[in-house]
Amino acid sequence: MEHAPVAPILFQPIFQERVWGGRKLADAFGKPFPPQKSIGEAWEIVDREEAQSVVRQGVYRGKTLHELWCNERREIFGDHLPDAPRFPILAKLLDARETLSLQVHPTAEVAAELGGESKTETWYVASAEPGAGLFVGLKAGATRDGFERALHEGTVIDLLHRLDVKAGDALLVPSGRLHAIGAGNLIVEIQQNSDTTYRVFDWDRPGTDGQPRKLHLAEAMRAIDFGDFEPRLVRQEGELLVRCPEFTLEKWDLAEPRAALDRAAFAIFFCLGGVLKMSGVEMCAGDFFLVPATVGDTP
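Keep in mind the model is a prediction, meaning the values are calculated, not measured.

Participant: Would you mind going over the overall build of the protein chain in detail, with residue names and values included?
Facilitator: Looking only at helices and strands, the protein chain has six helices and 19 strands in total. For a compact globule of 299 residues, the expected C-alpha radius of gyration is about 19 Å, and the protein chain comes in at 20 Å, within 12% of that figure. Structurally, the protein chain occupies a C-alpha span of about 70 × 40 × 40 Å along its principal axes. A burial count over the protein chain gives 50% of its 299 residues as buried. Contacts in the protein chain between residues far apart in sequence, at least 24 positions, make up 71% of those at least 6 positions apart. A total of about 14700 Å² of accessible surface is found on the protein chain, and carbon and sulfur atoms cover 48% of it. Taking the average location of the 33 positive side-chain charges in the protein chain and that of its 45 negative ones, the two points are 2 Å from each other.

Spelled out as structure tokens, the structure:
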């Protein structure tokens, strides 16, 4: 007996106001922002205690991602996933009207010592203003002692490796890599489900309350990989952008119908442009959607 095609699962985005954010996510992707708010992040697929994605259509409408993970795991996510208490991936969009803080995420080992969560992430540049860049890693020859002195002297930017970027560029940010997204970037981010960030430097900028944002210097100095010199952008190989233990990221150009999955596992898709249709559901530029492992249709 044939099974009915399984529809893609779409969630309500959760908007995060940030001092460095803007309005580009509304302008570029039609996100329904509250007025007069500087939105830096749209958390599109997230399962955290403080933030829950809620299904916005279909048979699972109104259910949270955590409910699906706990109660529908095999049907939606397949059989080959770690037995984690929460969905292990967080997908988001970022609008960097200003440069984000210089920061680092801990490795699993350091996170265990400091009581945080490890985080590896990938950035895909959806759009970039002329001159936009990413700060990643250190310039060759920088040392831990020199970095610490530069922090106190306010010259840390002189030790940072900077990459000019354009739309279509991608970068892997493994845990331990010092980084900051530069102003003028619109970023698609796929990351481990973690919100542990150790802020190193914030460009002497006040937060939304007018006060300097908290820094985490001791934790950051423990977490930074001081041997991480001048990393490069991802080189796309066929459709593959990134393959790491935490996730695999591909870029597809769809000129004709194609199977969404080639094995019994879920996938998360993001529509960069145009319109996608799957099982009668249309997805537009800016939409994330989750394709269940039991899928029986094509995008």
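Participant: Would you mind going over the side chain of E41 in detail, with residue names and values included?
Facilitator: By secondary structure assignment, the location of E41 is in strand β2 (residues 39-45). Residue classification places E41 among the buried residues on the basis of a relative accessible area of 8%. Reaching out from E41, the side chain makes a polar contact with the side chain of R18 at a distance of 3.3 Å. Apart from residues no more than four positions distant in its own chain, E41 is found in contact with I14, F15, Q16, R18, W20, L25, K92, L93 and L94.

Participant: How would you explain the pairing of β2 if you had to name every residue and give the values?
Facilitator: Extensive coverage of β2 is indicated by the burial of seven of its seven residues. Where strand β1 (residues 14-22) and β2 come together, five bridges link them in antiparallel fashion. Paired with Q16 across the two strands is E41, which belongs to β2. Here β2 pairs with strand β5 (residues 89-96) via four bridges, running antiparallel. Residue pairing for β5: W43 is matched across the bridge by K92.

Participant: Run through the packing of aromatic side chains, naming residues and quoting values.
Facilitator: Here a ring pair, both rings aromatic, is described through the centre-centre distance and the interplanar angle of the planes. Under the defined criterion, the tally for this structure stands at 13 aromatic pairs. A ring pair is formed by F77 and F87, whose centres lie 5.3 Å apart and whose planes are at 40°; its orientation type is tilted. One end of the pair, F77, is in helix α3 (residues 73-77); the other, F87, is in the loop between α3 and β5, with ten residues separating them in the sequence. Each of the two residues, F77 as well as F87, counts as buried. Taken together, the ring pairs in this structure connect W69, F77, F87 and F266 into an aromatic cluster. Over the ring of W69 we find R73; its NZ or CZ atom is 4.0 Å from the centre of that ring. Taking the ring centre of F135 as reference, the NZ or CZ of R162 above it sits at 6.0 Å.

Participant: How would you sum up the sheet that holds strand β10 (residues 170-173)? Please name residues and give values.
Facilitator: Sheet strands associate in pairs through backbone hydrogen bonding, adopting either a parallel or an antiparallel arrangement. The strand order across the open sheet formed by six strands is β1-β2-β5-β12-β7-β10, and the pairing between neighbours is antiparallel. A single partner strand is all that each edge strand has here, and the edge strands are β1 and β10. Neighbour to neighbour, the strand axes of the sheet diverge by 25° on average, direction disregarded. Bridge analysis of strand β7 (residues 121-128) against strand β12 (residues 185-192) gives seven bridges, and the strand direction is antiparallel. Across the sheet, W123 pairs through a bridge with E189, a residue of β12.

Participant: How would you explain the pattern of salt bridges if you had to name every residue and give the values?
Facilitator: Using the criterion set out here, one finds 22 salt bridges in the structure. The partner of R56 in a salt bridge is D287, with the nearest N and O atoms 3.5 Å apart. Of this pair, R56 sits in the loop between β4 (51-52) and α2 (65-71) while D287 sits in the loop between β18 (281-284) and β19 (288-291), and the two are 231 residues apart along the sequence. Of the charged contacts in the structure, one is a salt bridge between E121 and K119, with a shortest N-O distance of 3.8 Å. Of the residues examined, K119 reaches a relative accessible area of 3% and is grouped as buried. Via salt bridges that share partners, R97, E98, D202, R205 and R213 belong to a single interconnected network.

Participant: Please provide a residue-by-residue account of unusual backbone geometry, values included.
Facilitator: Phi is positive for D204, which is not a glycine, with a value near 55°. Structurally, the position occupied by D204 is in the loop between β13 (198-201) and α6 (217-223). Located in the positive-phi region is E230, a residue other than glycine, with phi close to 50°. Here E230 shows up in the loop between α6 and β14 (240-243). A relative accessible area of 39% means that E230 is categorised as partly exposed.

Criteria and cut-off values
- Counting restarts for each chain: residues are numbered from 1 in the order of the written sequence.
- Per-residue local features of the predicted model are confined to residues with pLDDT of at least 70, and side-chain atom pairs are confined, for both listing and counting, to 80 or more; whole-chain, interface and lining totals are unaffected and use all residues.
- Hydrogens and water molecules were not included; the side-chain quantities draw on all heavy atoms of the structure.
- Runs of E in the DSSP output that reach at least two residues are strands. Runs of H or I that reach at least four are helices, and both are numbered from the N terminus.
- With the radius of gyration taken over C-alpha atoms, the globule rule is written as 2.2 Å times the number of residues to the power 0.38.
- With a 1.4 Å probe rolled over the protein chains alone, any residue whose accessible area is under 20% of its type maximum counts as buried; one over 50% counts as exposed, and the rest are partly exposed.
- We call two residues in contact whenever any of their non-hydrogen atoms come within 4.5 Å of each other.
- For the accessible areas, the method is Shrake-Rupley and the probe is 1.4 Å, while residue cover comes only from the protein chains on display.
- All tallies of charge rest on Lys and Arg as positive and Asp and Glu as negative; His and the ends of each chain are not included.
- In plain terms, the charge of a residue is placed at NZ if it is Lys, CZ if Arg, CG if Asp and CD if Glu.
- N or O atoms within 3.5 Å of each other form a polar contact, as long as, within protein, one can give a hydrogen and the other can take it, and as long as residues adjacent in sequence are counted only when both atoms are side-chain atoms.
- By this definition, two strands are paired if DSSP reports at least two bridges between them.
- Any pair of Phe, Tyr and Trp rings, taking the six-membered ring for Trp, is counted once the centres come within 6.5 Å. Such a pair is stacked with planes under 30 degrees apart, edge-to-face with planes over 60 apart, and tilted for the rest.
- In this scheme, Lys NZ or Arg CZ marks a charge over a ring once it lies within 6 Å of the ring centre and within 35 degrees of the ring normal.
- Lines fitted to C-alpha atoms define the axes, with helix axes restricted to the stretch in contact, and inter-axis angles between N-to-C directions lie between 0 and 180 degrees.
- Should a side-chain nitrogen of Lys or Arg be within 4 Å of a carboxyl oxygen of Asp or Glu, the pair is scored as a salt bridge.

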